[in-house]
Amino acid sequence: MTTTTETGGPDLQYQAHLAAGRFMIQRGVKTGNAVFFPRAVAPGTGEDLEWFEPSGRGTVYASTCVRKRPPEADMNISLIDLEEGPRMMARVEGLPADAVPIGLEVQARIIPHEDGHIVVFDARENAR
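As annotated in an unreviewed UniProt entry, the protein chain is ChsH2 C-terminal OB-fold domain-containing protein from Novosphingobium fluoreni.

In structure tokens form, the structure reads like this:
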């Protein structure tokens with residue numbers, strides 16, 4: 001288990017994993033319950049957390065379109081239920097920003113961003 005004192009706080013560790021090309025989230029050491037956003041201890045229990053690599057698969061729980069003034073493109077913001085349980089906010093790419101359906105099966109990928117790296121999602125080819 002990587003502790004927060006060894007390599008910085010949970011946010012820095014998360015960004016370091018993304019920079020290395022790995023999408024990592026945390027889970028309780030005893031319960032195995034996955035959590036997201038990165039934290040020092042599990043919410044509600046204070047349980048120690050460890051990093052693990054999730055499948056990257058998820059389902060769109062909710063989606064909205066942020067309209068931008070031209071020439072900027074509209075932007076999608078979605079809530080994604082990860083297969084491992086946690087819900088995270090991210091963009092779904094590869095579809096028009098206003099055409100991301102609830103229930104869409106998606107797959108995570110990491111892209112460079114002005115602040116480092118971020119996780120975005122694409123529709124899975126085998127989606128329903």
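Moving on, we get to helix H2 (residues 10-19). Of the residues making up H2, those classed as buried are Pro10, Gln13, Tyr14, His17 and Leu18. For H2, the angular spread of buried residues about the axis comes to 140°, placing them on one side. Facing away from the buried side of H2, by more than 90 degrees, are the exposed residues Leu12 and Ala19. In the stretch just after H2, Gly21 is the one whose phi turns positive, near 85°.

This part covers the sheet that holds strand S1 (residues 25-28). If you trace the 3 strands from one edge of the open sheet to the other, you get S2-S1-S3, paired in antiparallel fashion. The two strands at the open ends of the sheet, each matched to only one other strand, are strand S2 (34-35) and strand S3 (49-52). In the sheet, S1 pairs with S3 via 4 bridges, with the strands oriented antiparallel. The residue of S3 that forms the bridge with Gln26 is Trp51.

Before going further, it helps to spend a moment on the sheet that holds strand S5 (residues 75-82). Reading across the sheet, the 6 strands line up as S6-S5-S4-S8-S9-S7 and stay open at both edges, with mixed pairing between neighbours. Looking at which strands have only one partner, the edges of the open sheet turn out to be strand S6 (87-90) and strand S7 (92-93). Strand direction decides the pairing type here: strand S4 (residues 57-66) and S5, joined by 8 bridges, are antiparallel. Within S5, the residue paired with Val66 across the bridge is Met75. In the packing of H2 onto the sheet, contacts are made with S6, strand S8 (105-113) and strand S9 (116-123), and the angle to S9 comes to roughly 65°.

Our next topic: the packing of aromatic side chains. Applying the stated criterion across every chain yields a total of 3 aromatic pairs. These aromatic residues form a ring-pair network of at least three members: Tyr14, Phe36 and Phe37. Geometry around Phe52 places Arg27 over its ring, the cationic atom sitting 4.3 Å from the centre. Arg87 extends its terminal NZ or CZ atom over the ring of Tyr61, reaching a point 3.4 Å from the ring centre.

Definitions and limits used
- Residues numbered from 1 in each chain as written.
- Predicted model: local features only at pLDDT ≥ 70, side-chain atom pairs only at ≥ 80, totals over all residues.
- Heavy atoms only, no water.
- Buried < 20%, exposed > 50% of the residue type's maximum accessible area, 1.4 Å probe, protein only.
- Helix = DSSP H or I, 4+ residues; strand = E, 2+ residues; numbered from the N terminus.
- Arc of directions from axis to C-beta.
- Pairing = 2+ DSSP bridges.
- Contact = heavy atoms within 4.5 Å.
- Axes fitted to C-alpha atoms, helices over the stretch in contact; angles between N-to-C directions.
- Phe/Tyr/Trp six-rings, centres within 6.5 Å; stacked < 30°, edge-to-face > 60°.
- Lys NZ or Arg CZ within 6 Å of the ring centre and 35° of its normal.

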